[in-house]
Amino acid sequence: LCDILSVQRPSMFSFDLSWDWAKPSLVADWPGEVGEQRSAAPPQPPHIIFILTDDQGYHDVGYHGSDIETPTLDRLAAKGVKLENYYIQPICTPSRSQLLTGRYQIHTGLQHSIIRPRQPNCLPLDQVTLPQKLQEAGYSTHMVGKWHLGFYRKECLPTRRGFDTFLGSLTGNVDYYTYDNCDGPGVCGFDLHEGENVAWGLSGQYSTMLYAQRASHILASHSPQRPLFLYVAFQAVHTPLQSPREYLYRYRTMGNVARRKYAAMVTCMDEAVRNITWALKRYGFYNNSVIIFSSDNGGQTFSGGSNWPLRGRKGTYWEGGVRGLGFVHSPLLKRKQRTSRALMHITDWYPTLVGLAGGTTSAADGLDGYDVWPAISEGRASPRTEILHNIDPLYNHAQHGSLEGGFGIWNTAVQAAIRVGEWKLLTGDPGYGDWIPPQTLATFPGSWWNLERMASVRQAVWLFNISADPYEREDLAGQRPDVVRTLLARLAEYNRTAIPVRYPAENPRAHPDFNGGAWGPWASDEEEEEEEGRARSFFRGRRKKKCKICKLRSFFRKLNTRLMSQRI
């Protein structure tokens, strides 16, 4: 440890580190106060480190009473500001798009589902992204981890959307070691990219450790005199459930296998965050930094995650799907070591961080987010009073919804959710509405779980007072039709500002076999006709050769569709 503390910061282009970042056990239990000094005012815009986890449940952090060990997150949150009225989106792509654009899904055309690997779709190219705004303010911008905002054209790639460097995956989920991703039977490819090139040579390293190591390398090679935006979007703890053995051993007494693997992944991610925090202090960034931690959606309860005691899970508009884990840790906070219950949404990070960077936003930018830094740092009231969770006109319409049921104001068969003040309204089919306790039993889910299941639902409108009933157990729609009318009218107002949904059909040209076995951009104006002809020929040949399994492929495709729409 003495050797570590005595090492001088390396040169701008040196990636030589004094310890192995991929082995968290070699680092001290907690980053010490290495050269930490408080200054009256930061000499320059702060360094911004945004850490996003994937599918981490609301219950799956130590300070929420979890059985999973997260000492780093607990300490950072305890010394910072915990965000306990903070909302995200129920699935991956929507949260990431709203983080980087500051706009609701209805204003980017991404209202429905996620961006699939073979879809010719991506974050709209006319949107000015958060890293692009920070570049305008003089920031160096770097991304490590999961993109999941489309890649069918090179213009969609992270390095074309505001990031100076990128190391990570473009699709939604990959193997943690091999980085293979399958988008259906026989449609598999490698997905680890550095910049705009396929990073074949990095295969075999566990992604959580690889990403933490790259983040530390960026800090080691960057001058603290230039403001830095580092976006670390961990793949963890999304499926597949894979973890290094040393972390899995800690939870060997946990009876439920999925929960055991998931817990190991969370703890490994926690130690990766510790390594990044240590690097911030070691290389002189910490004193003028803002660390933001956020989950991207609710936990997947059938894959080890837990949102208890909230209702619902990933992919639903119940609180368990949209209430986020979040905190801010920074020496620059004016009021630390507290819990904030100010209403916040993931779109708020765009104007908040641009403001911290010394940039400006205006009404012309069309943002749906608010600058909430005074609420976070000083404890002031939040400027936000409502949240449009989403309006998805393509999702399966609820059988019992109708325009008449919405007082002629709104078709309640349409999936939508909105929060205004203390009230939350859901229409259509919000997704599974169960209260699912932590999966501690080896036989989960067992028959006892049926005590909390909502097996038969014959309604399409729900109303809750979230402040008084955060677990959504008392539906007040029948008692407060006046509030229902008001919120339905608000939904209709939002819907009038929505742009058409962009959810194109999958394109066979995206098959990794056309790209050397890796997922990557496939569309260009010059090659469009030629590539489409090759794709049609390729798949005609595949159908002739594999016609015996056509029915099986169709079965799995339909099964995957049902799972993606949260219907089992």
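Every value quoted in this text rests on a predicted model; they were computed, and no experiment measured them.

Moving on, we get to the state of the cysteines. For the structure on display, the rule yields two disulfides. In this model, Cys122 is linked to Cys156 through a disulfide, with the two sulfur atoms separated by 2.3 Å. On the S-S bond that ties Cys122 to Cys156, the torsion sits near -55°, and the link is left-handed. With Cys122 in the loop between helix H3 (92-101) and helix H4 (130-136) and Cys156 in the loop between strand S4 (140-146) and strand S5 (165-169), this residue pair connects regions lying 34 residues apart in the sequence. With respect to burial, Cys122 and Cys156 carry one shared label: buried. One disulfide in the model links Cys182 with Cys188; its S-S distance is 1.9 Å. Across the S-S bond of Cys182 and Cys188 the torsion is about 110°, and the bridge reads as right-handed. Once the disulfide-bonded cysteines of the chain are ranked by sequence position, their pairing pattern turns out to be 1-2, 3-4.

At a minimum axis distance of 7 Å, the contact between helix H2 (residues 71-78) and helix H7 (residues 257-282) shows a crossing angle of 55°. With respect to H7, the axis of H2 lies oblique. Only Met269, Asp270, Val273, Arg274 and Thr277 of H7 make contact with H2, whose side of the interface consists of Pro71, Thr72, Leu73 and Leu76. When the residues that make up the contact of H2 with H7 are grouped by side-chain class, the tally is five nonpolar, two polar and two charged.

Turning to the environment of Val128, a few remarks are in order. Of note, Val128 is situated in the loop between H3 and H4. Sequence spacing of Val128 and Asp365 is 237 residues, and the spatial spacing of their C-alpha atoms is 8.5 Å. Look past the residues within four positions of Val128 in its chain and what remains in contact with it is Leu100, Lys133 and Tyr350.

Okay, the packing of aromatic side chains next. Enumeration over the complete set of coordinates arrives at 15 aromatic pairs. Ring centres of Tyr176 and Tyr206 lie 5.3 Å apart, and the angle between their planes is 20°; on these two criteria the pair is classed as stacked. With a gap of 30 residues between them, Tyr176 in the loop between S5 and strand S6 (180-182) and Tyr206 in the loop between strand S9 (197-198) and helix H5 (207-221) connect regions that are remote in the sequence. This pair shows no difference in class: Tyr176 is buried, exactly as Tyr206 is. Look at Tyr179 and Phe190: their rings are 6.4 Å apart centre to centre, the planes differ by 70°, and that puts the pair in the edge-to-face class. With Tyr179 in the loop between S5 and S6 and Phe190 in strand S7 (residues 188-190), this residue pair connects regions lying eleven residues apart in the sequence. No difference in accessibility class separates Tyr179 from Phe190, as the two residues are buried. By the ring-pair criterion, three or more aromatic residues cluster together here, those being Phe50, Tyr86, Phe163, Phe229, Tyr231 and Trp349. A cation over a ring is seen here: Arg311 above Trp318, with NZ or CZ 3.8 Å from the ring centre. The ring of Tyr494 carries Arg490 above its face, with NZ or CZ at 4.5 Å from the centroid.

For the structure shown, the criterion picks out 23 salt bridges. We note a salt bridge from Lys424 to Glu319, for which the minimum N-O separation is 2.9 Å. Taken together, the residues Lys424 in strand S17 (residues 423-427) and Glu319 in helix H8 (residues 319-322) connect sequence positions 105 residues apart. Comparing Lys424 with Glu319, the two get one shared label, buried. Of the charged contacts in the structure, one is a salt bridge between Glu386 and Arg490, with a shortest N-O distance of 2.8 Å. Separated by 104 residues along the polypeptide, Glu386 in strand S15 (residues 386-392) and Arg490 in helix H11 (residues 481-495) bring together distant segments of the chain. Each of Asp54, Arg96, Lys146 and Asp296 takes part in a single network of salt bridges with overlapping partners.

Here we take up the environment of Asn275. In this fold, Asn275 is placed in helix H7. On the basis of relative accessible area, Asn275 is assigned to the buried category, the value being 0%. Between the C-alpha atom of Asn275 and that of Ala215, which follows or precedes it by 60 residues, the distance is 9.2 Å.

Taken together, the four strands give an open sheet; going across it, the order is S15-S16-S17-S18, and neighbouring strands pair in antiparallel fashion. Both outer strands of the open sheet, S15 and strand S18 (461-465), are each paired with one neighbouring strand and no more. Pairs of neighbouring strands in the sheet enclose a mean axial angle of 10°, with direction left out of account. As paired strands, S15 and strand S16 (residues 415-420) are joined by six bridges and run antiparallel to one another. Residue pairing for S16: Ile387 is matched across the bridge by Arg419.

Here ten strands make up an open sheet; going across it, the order is S9-S8-S5-S4-S10-S1-S11-S12-S2-S13 and the pairing mixed. If you trace the sheet from one side to the other, it starts and ends with S9 and strand S13 (338-340), each paired once. Pairing of S4 with S5, which is carried by five bridges, proceeds in the parallel orientation. Pairing of Lys146 across the sheet is with Ser169, part of S5. Contacts from H2 reach strand S2 (81-83), strand S11 (289-295) and strand S12 (326-329), with the element oriented near 65° to S12.

Definitions and limits used
- Residues numbered from 1 in each chain as written.
- Predicted model: local features only at pLDDT ≥ 70, side-chain atom pairs only at ≥ 80, totals over all residues.
- Heavy atoms only, no water.
- Disulfide = S-S within 2.5 Å.
- Helix = DSSP H or I, 4+ residues; strand = E, 2+ residues; numbered from the N terminus.
- Buried < 20%, exposed > 50% of the residue type's maximum accessible area, 1.4 Å probe, protein only.
- Axes fitted to C-alpha atoms, helices over the stretch in contact; angles between N-to-C directions.
- Parallel < 35°, antiparallel > 145°, perpendicular 65-115°, else oblique.
- Contact = heavy atoms within 4.5 Å.
- Nonpolar A, V, L, I, M, F, W, Y, C, P; charged D, E, K, R; others polar.
- Phe/Tyr/Trp six-rings, centres within 6.5 Å; stacked < 30°, edge-to-face > 60°.
- Lys NZ or Arg CZ within 6 Å of the ring centre and 35° of its normal.
- Salt bridge = Lys/Arg side-chain N within 4 Å of Asp/Glu carboxyl O.
- Pairing = 2+ DSSP bridges.

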